[in-house]
Amino acid sequence: MQTPPVVSPEAWEAAREQLLVKEKALTHARDAMAAERRRMPWMAVEKPYVFEGPSGKRSLHELFDGRRQLIVYRAFYEPGVFGWPEHACRGCSMVADQVAHLSHLNARDTTLVFVSRAPQADIASLQKRTGWGHIPWFTVTDSFDADFDVGEWHGTNVFIRDGDRIFRTYFVKSRGDEQMGGTWNYLDITPLGRQEVWEDSPEGYPQTPPYKWWNWHDSYTPEAVPDKKWVEVSDAGEAAFRKDHSR
């Protein structure tokens, strides 16, 4: 194969700085796109969808698990899928393998679930074998998948809850799904975003200082005040980042 040229450290650093200009522009463009998503209109969900879970039937409202936002990934694990019943769809399995610890999403009032048409017994067996036990996984029992554009292929739907009312706010599929799995990418497709003060969000949206709400995944406590030492560390880090970005 034809490889790039081998250069001196100085030339390599110059090439990196040149590329970094474009990378920063891409980051800002992603932020602007996320801000536009937060301003998308909402679509009311009127039908009473029902899912089967490990402990019985659950409504779409119950899938929120008391939180305000819900992300639903439609995975293909069911009779007829290549690899059934030992495996789910290879692409959907890659998505599941990338899902980060969900406590960070939960800390931003967001729940992530997977749904498919496999019986719960098969789902439990798959989760145990693959290590996906941290992903809440429910069985579709009605027209949910067809109604939300995931009847034939995988896709990620986003919903928000306002009391008893539920609204669909976003949908992504195909290659748009390949970036899913990380906490930030999930939050960036939600209507409330990362909920940090630097974001361009509509007036009145919940926002807190960046870094301060971050925690170890086993240490999130409702209504907790940020640790004083961590505030000092994060303030210093943010100052360094701002100085670096100003160059």
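Residues numbered from 1 in each chain as written. Predicted model: local features only at pLDDT ≥ 70, side-chain atom pairs only at ≥ 80, totals over all residues. Heavy atoms only, no water.

## Some details on the overall build of the chain
Now for step 1: The secondary structure content of the chain amounts to 8 helices and 8 strands.
Now for step 2: Along the first, second and third principal axes, the C-alpha set of the chain runs to 60 × 55 × 35 Å.
Now for step 3: Per-residue burial over the chain gives 38% buried out of 247 residues.
Now for step 4: A separation threshold of at least 6 residues defines the contact pool for the chain, and within that pool the share at least 24 residues apart is 63%.
Now for step 5: Total accessible area computed for the chain in this model is approximately 14,800 Å², and 57% of it derives from carbon and sulfur atoms. (Helix = DSSP H or I, 4+ residues; strand = E, 2+ residues; numbered from the N terminus. Buried < 20%, exposed > 50% of the residue type's maximum accessible area, 1.4 Å probe, protein only. Contact = heavy atoms within 4.5 Å. Areas by Shrake-Rupley, 256 points an atom, 1.4 Å probe, with all protein chains shown as cover.)

## Regarding helix α1 (residues 9–37)
Now for step 1: Compared with the 42 Å implied by 1.5 Å per residue over 29 residues, the 41 Å span of α1 between its first and last C-alpha is a close match.
Now for step 2: Buried residues of α1: Ala34, Ala35 and Arg37, and no others.
Now for step 3: Along its buried surface, α1 packs onto β8 (165–173) and α7 (183–188). (Expected span 1.5 Å × (residues − 1).)

## What about the sheet that holds strand β7 (residues 155–162)?
Whether parallel or antiparallel, the strands of a sheet pair through hydrogen bonds between backbone atoms.
Now for step 1: With mixed pairing, the 8 strands of this open sheet are ordered in space as β1-β8-β7-β4-β5-β6-β2-β3. Strands at the two margins of the open sheet, each flanked by one partner only, are β1 (43–44) and β3 (56–59). (Pairing = 2+ DSSP bridges.)

## Some words on the pattern of salt bridges
Two side chains carrying opposite charge are able to pair once their charged atoms lie near each other.
Now for step 1: Within the structure shown, the criterion is met by 13 salt bridges.
Now for step 2: Note that Arg38 and Glu199 form a salt bridge whose closest N and O atoms lie 3.3 Å from each other. Of the two residues, Arg38 sits in the loop between α1 and β1 while Glu199 sits in the loop between α7 and α8 (228–245), which places them 161 residues apart along the sequence. Pair check on accessibility: Arg38 and Glu199 agree, each one buried.
Now for step 3: Note that Arg175 is salt-bridged to Glu178, the shortest N-O span being 2.8 Å.
Now for step 4: According to the relative accessible area criterion, Arg175 is exposed, its value standing at 65%.
Now for step 5: For Glu178, a relative accessible area of 47% corresponds to the partly exposed category. (Salt bridge = Lys/Arg side-chain N within 4 Å of Asp/Glu carboxyl O.)

## Structural notes on the pairing of β8
Now for step 1: Here β1 pairs with β8 via 2 bridges, running antiparallel. Residue Met43 lies in a different strand from β8, and its bridge partner there is Arg168.
Now for step 2: Note: β7 against β8, 8 bridges, orientation antiparallel. Looking at the pairing, Asp162 lines up with Arg165 of β8.
Now for step 3: In this structure, the hairpin formed by β7 and β8 is closed by a connection of 2 residues, where Gly163 is found at a positive phi of approximately 70°.

## Section: the nonpolar core
Now for step 1: Residues Tyr77, Val99, Leu112, Phe114, Trp137 and Tyr186 are the most contacted members of the largest nonpolar core, which totals 29 residues.
Now for step 2: At the level of secondary structure, the elements contributing two or more residues to this core comprise β4 (69–74), α3 (90–98), β5 (110–116), α5 (120–130), β8 and α7.
Now for step 3: Ignoring any residue separated from it by four or fewer positions in sequence, one finds Phe114 in contact with Tyr73, Ala75, Val95, Ala96, Val99, Ile135, Pro136, Trp137 and Phe138.
Now for step 4: Core analysis: the next-biggest nonpolar cluster, separate from the first, contains 16 residues, Tyr49, Val113, Phe138 and Phe144 among them. (Core = buried A, V, L, I, M, F, W, Y, C linked by side-chain atoms within 4.5 Å.)

## Considering unusual backbone geometry
The bulk of non-glycine residues show a negative phi, and the bulk of peptide bonds are trans.
Now for step 1: Backbone torsion omega between Trp84 and Pro85 reads 0°, so that peptide bond is classified as cis.
Now for step 2: Locating Pro85 in the fold gives a position in the loop between β4 and α3.
Now for step 3: In this structure, Gln195 is a non-glycine residue whose phi angle is positive, near 65°.
Now for step 4: Despite not being glycine, Tyr211 shows a phi value in the positive range, around 75°.
Now for step 5: With respect to the secondary-structure elements, Tyr211 resides in the loop between α7 and α8.

## Observations concerning the packing of aromatic side chains
Now for step 1: Following the criterion strictly, the structure yields 15 aromatic pairs and no others.
Now for step 2: Residues Tyr73 and Phe114 carry aromatic rings whose centres are separated by 4.8 Å and whose planes lie at 50° to one another, so their mutual orientation is tilted. With a gap of 41 residues between them, Tyr73 in strand β4 and Phe114 in strand β5 connect regions that are remote in the sequence.
Now for step 3: Residue classification places Tyr73 among the buried residues on the basis of a relative accessible area of 2%.
Now for step 4: Residue classification places Phe114 among the buried positions, given a relative accessible area of 0%.
Now for step 5: Relative to Trp137, the ring of Tyr77 lies with its centre 6.5 Å away and its plane at 75°, an arrangement referred to as edge-to-face. (Phe/Tyr/Trp six-rings, centres within 6.5 Å; stacked < 30°, edge-to-face > 60°.)

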